[in-house]
Every structure is written in structure tokens, then in C-alpha cells.
Amino acid sequence: MDKNYYITTPIYYPSAKPHMGHAYSSIIADFFARFKRIQGFKVFYLTGTDEHGQKIERAAKEKNKDTLTFCDEISQTFKDLTKKLNLSNNDFIRTTEDRHKKSATNIWKILEKKGEIYLSKYSGWYSVSDEAFYSEDEIENINGNNQSIVSGSPVEWVEEESYFFRLSKWQDPLLEFYSKNKNFILPSSRKNEVISFVKGGLKDLSVSRKSFKWGIPVPSNSDHVMYVWLDALTNYLSALNYPDEDNQMYKDFWPADLHIIGKDILRFHTVYWPAFLLAAGIKPPKRVYGHGWILSGDQKMSKSKGNILDPLEIIQSYGLDPLRYYLIKEVSFGNDGNISEEKLENCINSDLANNYGNLCQRVISFCEKNTNLEVSKKIDFIDNDKKILSVYEKNFDKILSFVDKQDINSYINFLVDQLFAANKYFNDEEPWKKKSDIVRLNTIIYTSLELIRKVTILLYPIIPETSLKVLKIFGTEEKDLKFQSIIEHNYIRKGFKIKKIGILFKKIEKK
Ligand code: MSP
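Residues numbered from 1 in each chain as written. Predicted model: local features only at pLDDT ≥ 70, side-chain atom pairs only at ≥ 80, totals over all residues. Heavy atoms only, no water.

Novice: What is the right way to look at the side chain of histidine 291 in this model?
Specialist: Structurally, the position occupied by histidine 291 is in strand E15 (residues 288–291). Look at histidine 291 and you get buried, because its relative accessible area is 4%. Within the local environment of histidine 291, its side chain forms a polar contact with the side chain of serine 25, the two groups lying 2.7 Å apart. With near-sequence residues (within four places) excluded, histidine 291 lies in contact with Tyr24, Ser25, Arg190, Ile260, Ile261, Gly262, Lys263, Phe333 and Gly334. (Helix = DSSP H or I, 4+ residues; strand = E, 2+ residues; numbered from the N terminus. Buried < 20%, exposed > 50% of the residue type's maximum accessible area, 1.4 Å probe, protein only. Polar contact = N/O pair within 3.5 Å; in protein donor to acceptor, adjacent residues only side chain to side chain. Contact = heavy atoms within 4.5 Å.)

This is how it looks when you write it as C-alpha cells:
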């Protein structure tokens, strides 16, 4: 079985500092990366910044900065965010790096050599903000301004010499590819959207621009720079040292297992990207998951609306793990969701403080008072204990399939149910009434500690910092973490002295 796993985020435009939408894509990808690692996979998790094109060039000009200096500065804020979000990415790629230029140039050369690219003239609409070409029927005029119907971004008329990629030729092969790879596009609602777009007919795609210079030069004609999306998408290969197809990184990790993206960039990843790859004779990725937007109130975040949510402010006030937990649990994955302080506070209080935090606190303090934190050597499981412990082996395959179907909500619902079940077990067993039956008392403590350990492993991809803090009390370090161990019921060593734990999540007092 292939035990390698390659997961990516979109590479972000460093046109302004990162916001909650960027944080969301990255946290989601981090969930999968961390889970697959503890499942025993060798994981490569890639993120980075998309630095070419008119959007970036104009943003730099607005700030009166040299374009690369501007990119250096903002790209650094995205890099800093990877630390602030506790992302476990293995690499951070910038499209202005030589390794990427080399890879994108190579793709171009192959496409040109294969006759997939030809020189002509583009006249039509272009949105710099989306870096996208739009046809007449994708445009509307609102108060005298032309804009994209879908994104609402302003468009401008462009007429210039341009290279074209023979996208039209790939219409049928793409449809065949989707039908053979049923789960290439998820969620399925988005798949239908893409298939009907492709069935509607594909026109050749303009893949170079001549009216500005901020991009990777077309190898055979330096009057042109490559269209920023052809350049950007190739980043997923560049990080594996493409074009060296014999190197181990490429062999291990291509084709990518999962591109996590927002629904706004679905067409680029599920139509253009596989078409470029098929045309170049390279295998397309295995899956693209298009998640929804994080709305600010009920609107998309934008500079012009002044409603940008800053992840750093939320982290400062509430901490990182609560934010990660909220985004993963409270947003129905695949759909739009929003975040408000009230909802975040409710979630911290009910799930993290009352449910998880309380479970850890009460079991460990009971253990401290009654056994001086020592795990007894004599444990005798009865049916009640075995029943609750066995939930994990019964659901083992199901949990794996939730992850492999990107059904994050079912994953977390299972986990929350287990938190309730563990709290209920401790209540119902009433260990405080078992002081005369020391074996029973110790067995209830042991079972409860095992339940904490198991559920904490499931929490690891969501709230890694807290989870590791809790696992440490049992002597488990990150490097020893194994998903498989949730089905072991005698994992905690008998006679082991567990450590005390402080308050994990403070309840937020309502004003
Ligand atoms: N540079 C391109 C991607 C190239 S990938 C080869 C791009 N960059 S972006 O910075 O504008 O947005 C990248 C991603 O950020 C979006 O696809 C989406 O994943 C995420 N989000 C940006 N705004 C968002 C929300 N409001 N909500 C959730 N995610 C959104 O597109």
C-alpha cells in the first residue's frame, strides 16, 4: 500500500496580509496532514505564496514599493502565520524562487513542444483581482461598472497578442477523466458544477500576457510573461523538485493526494490544472476539495467592505486551539460558515471547557486525591468498561473513512459523542462511592484515563498543542503518537505515575 500522502493549500497572493479565509484553508489542510502522519503515512504538506501577475504588481505600485521587496515583506507575514497557526507544513514555496521558475518554464516548454500552445490575440474581459479571463456571459454591468457575475470583481477590457493553450481539445478527455475518477472533485455538489461548465464547451485559454513584465518569461518569447495561473498551479510540482522526475520526492509524492482549495478557485484546479497536466503527459492529482467561504457576518470578506477578520486578533483574545477547533467543528465543511465572538465563546464554553476540559480535570483530580496519581497495577475490567472502551475498535475503520472522504464533520461529531460518553461513564460509575472496593475504583480511574487518552489522540489533528499537553501526562510525546493505539486498552503502563494538569480551557464569563 502507498504510504505517502501529499497535501497542499492554495498558494496565497501576498497582496495584503493574511486573513481568516487563508487561515481556514491552512488549518483544514493541517488537520489532514497531522491525521495522516499519526496514521503512519509519510506526509508532505505544502503551502506558500503566489507572487506574480498584475494583481501583485499593482498592489506593490500602490504602496510605492519595488515588487519583489513588497512580495518579500508580505510573503513573510504568511510564513509567520504558519507558526502562529501551529501548521505542520513541510515546505513553504514562493513562486519567485528559482526552483519554481525552473519548473514552470519546463512545463511551458513541454506544452509548446507538444503543440498545445499557439500564438494569437486575446480580446476580452480580464479581472486583475481574480486573475481570470471572463466571457461576455460571465459579466454584468452594475451602475456603469463591468464586473464578474460570480465574484463581483471589476473587469477590464484587454486586447493583446497572447499565447493560447488548446483547452478546447481537452474537453472530452476531461469529462472522461471525471467519470473515471468519481471523487476527483469533492464535495459532489461542486463536481456537478464543474462538469456542467465543461460540458457547456471549453474555449482555448489565453496563457500569456504582454502588457506587463511581472511574471515568468515565456521561454521562447521574452516579450510575454506566463499567465499567472499556469505559473502558480505548477508550484505543486516545483516543491517536489520537478522537472527531475527521477528524484525521490517526486516519485514518493506525485500525484498529489489532496489539494485543499476554496470554492472560488475550483475552475482553475479542476479544469485548467488537469488539462495542463494531461497535455504535458503528467498524471493529474487524485483529489481537489473545494471548501466554502468564511463569511464576516453574512458577507465575503473584502478590503473594500472593511470587514476583514484577522486571525491574529482572535488568537490573541481566545488562543489558537479554540480558533482551530471552532473552524473545524462549527463550519460545515464544504459550505460557507461564519465566525462571531458569541459563537466562538459558546463553543469554547460548551465543548472545550465543559466537555473536554472538565473530563480531564475531574478524572485527574480524582486520581490525585485517591491514588496520588499512580496508575494501579491491578485492574479488572467489567462489561461496562469493556463496552465503552470497545467503541474505538468498533469505529476504527469508520473514523479512517471519515478522514479519507474529507468528512470532517462526522469525524468531530464522533469525537464529541465520545466526550459525552466518557463524562457519563465517570458519573454513572460513581467511583467516589467505591472507596471500599479499591480494585473497582482503580479500574474506573484506569478506564477513564484510557478514554481521555483515546479521545485526545482524535483531538490531536484539531487542537495539537492542547492534545500534546494532555498526552504528555501519560508520557506520550508527539513522535510516539499513533492513531492505531486508540484500540489498545492497556496502553497506559500499570504503576505509571501520571502528571498533574492545569486548567486546559478557561470558561468565558458572559458579560
Ligand atoms: N493565488 C491564488 C491561488 C493559487 S493556487 C495555485 C488565490 N489566492 S488567494 O490568496 O486569493 O486565496 C487563496 C485561498 O484562500 C482561496 O482559495 C481560499 O482557499 C482561501 N480564501 C480566501 N478568502 C476566503 C474566505 N473568505 N473564506 C475561506 N477561504 C477563502 O486564489
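Anyway, onward from the coordinates.
Novice: I keep staring at the sheet that holds strand E9 (residues 185–186) and nothing clicks. Help me out?
Specialist: In sheet architecture, strand pairing relies on hydrogen bonds along the backbone and comes in two forms, parallel and antiparallel. The six strands lie next to each other as E3-E2-E1-E14-E15-E9, forming an open sheet whose pairing is parallel. Each edge of the open sheet carries a strand with a single partner, namely strand E3 (91–94) and E9. Across two bridges, strand E1 (residues 4–12) lies against strand E14 (residues 258–262) in parallel orientation. Opposite isoleucine 7, over in E14, you have leucine 258 as the bridge partner. (Pairing = 2+ DSSP bridges.)

Novice: When you look at the nonpolar core in this model, what are you seeing that I'm missing?
Specialist: In terms of nonpolar packing, the biggest core is built from 99 residues, with Ile7, Met20, Phe32, Tyr356, Tyr411 and Leu449 touching the most fellow members. When residues of this core are assigned to their parent elements, the largest contribution, twelve residues, is made by helix H13 (residues 341–371). Residue contacts for tyrosine 411: discarding those within four places in its chain leaves Phe31, Phe35, Ile399, Phe402, Val403, Leu458, Pro461 and Ile462. Residues Ile11, Ile93, Ala132 and Ala275 belong to the second largest nonpolar core, which totals 81 residues. (Core = buried A, V, L, I, M, F, W, Y, C linked by side-chain atoms within 4.5 Å.)

Novice: How should the pairing of E1 be read in this particular structure?
Specialist: Regular strands have side chains that alternate between both faces of the sheet. With nine of its nine residues buried, E1 lies for the most part within the structure. With seven bridges joining them, E1 and strand E2 (residues 42–49) adopt parallel strand pairing. In the sheet register, isoleucine 11 faces E2, and the bridge partner there is glycine 48.

Novice: Got a minute to help me understand the packing of aromatic side chains in this structure?
Specialist: The description of an aromatic ring pair uses the distance of the two centres, along with the angle that the planes make with each other. The full count for this structure, using the stated rule, is 32 aromatic pairs. The interplanar angle of 80 degrees and the centroid separation of 5.0 Å between the aromatic rings of tryptophan 125 and tryptophan 157 together place this pair among those described as edge-to-face. With a gap of 32 residues between them, tryptophan 125 in strand E4 (residues 117–127) and tryptophan 157 in strand E8 (residues 156–165) connect regions that are remote in the sequence. For the ring pair tryptophan 254 and tryptophan 273, a centre distance of 6.2 Å and an interplane angle of 75 degrees mean the geometry is edge-to-face. Here the residue tryptophan 254 occupies a position in the loop between helix H9 (248–253) and E14, and tryptophan 273 occupies one in helix H10 (residues 266–280), the gap between them amounting to 19 residues. Assigned by exposure class, tryptophan 254 and tryptophan 273 land together as buried. Every member of this aromatic cluster is reached through a ring pair, and the members are Phe31, Phe32, Phe35, Tyr289, Phe333, Phe396, Tyr411 and Phe483. The lysine or arginine in question, lysine 263, covers the ring of tryptophan 293, its NZ or CZ lying 4.4 Å from the ring centre. Geometry around tyrosine 446 places lysine 494 over its ring, the cationic atom sitting 5.0 Å from the centre. (Phe/Tyr/Trp six-rings, centres within 6.5 Å; stacked < 30°, edge-to-face > 60°. Lys NZ or Arg CZ within 6 Å of the ring centre and 35° of its normal.)

Novice: What's the story with the pairing of E8 in this structure? I'm lost.
Specialist: In this sheet, E8 lies alongside E4 in antiparallel orientation, the contact comprising ten bridges. Note that in E8 the partner of lysine 121 across the bridge is glutamate 161. Where E8 and strand E10 (residues 205–206) come together, two bridges link them in antiparallel fashion. Looking at the pairing, phenylalanine 165 lines up with leucine 205 of E10.

Novice: Quick question: what am I supposed to make of the side chain of arginine 287 here?
Specialist: Secondary-structure assignment places arginine 287 in the loop between H10 and E15. One buried charged residue, arginine 287, remains without a salt bridge, the closest side chain of opposite sign being aspartate 404 at 6.8 Å. Separated by 2.9 Å, the side chain of arginine 287 and the backbone oxygen of asparagine 183 make a polar contact. Within the structure, arginine 287 has its side chain in polar contact with the side chain of glutamine 406 (distance 2.7 Å). Arginine 287 has contacts with Asn183, Phe184, Leu186, Ala256, Asp257, Leu258, His259, Asp404, Lys405 and Gln406, leaving out every residue within four places of it along the chain. (Lys, Arg positive; Asp, Glu negative; His and termini not counted. Salt bridge = Lys/Arg side-chain N within 4 Å of Asp/Glu carboxyl O.)

Novice: Hey, could you run me through helix H14 (residues 383–404) in this one?
Specialist: Structural remark: α-helix, 3.6 residues per turn; residues separated by three or four positions point the same way. In this model, H14 (22 residues) spans 32 Å end to end at C-alpha, consistent with the 32 Å of a helix rising 1.5 Å per residue. The sharpest bend along H14 comes to roughly 55 degrees, located at asparagine 395. Its buried side turned inward, H14 meets helix H1 (20–38), helix H15 (408–429) and helix H16 (438–459). Where H14 ends, the next residue or the one after it, glutamine 406, has phi of about 55 degrees, a positive value. (Expected span 1.5 Å × (residues − 1). Bend = angle between axes of the 7 residues up to and from the residue.)

Novice: Any chance you could explain the site of the ligand here in plain terms?
Specialist: Close to the ligand lie 24 residues; Ile11, Ser25, Asp50, Gly262 and Ile294 are nearest. One nitrogen or oxygen atom from the side chain of histidine 291 is found 3.5 Å from an oxygen atom belonging to the ligand. Taking isoleucine 294, its main chain carries an N or O atom lying 2.7 Å from a nitrogen atom of the ligand. Here the ligand, which alone exposes 660 Å², has 94% of that area covered by the protein. Here the residues of the shell around the ligand sort into 13 nonpolar, nine polar and two charged. (Near = heavy atom within 4 Å. Areas by Shrake-Rupley, 256 points an atom, 1.4 Å probe, with all protein chains shown as cover. Nonpolar A, V, L, I, M, F, W, Y, C, P; charged D, E, K, R; others polar.)

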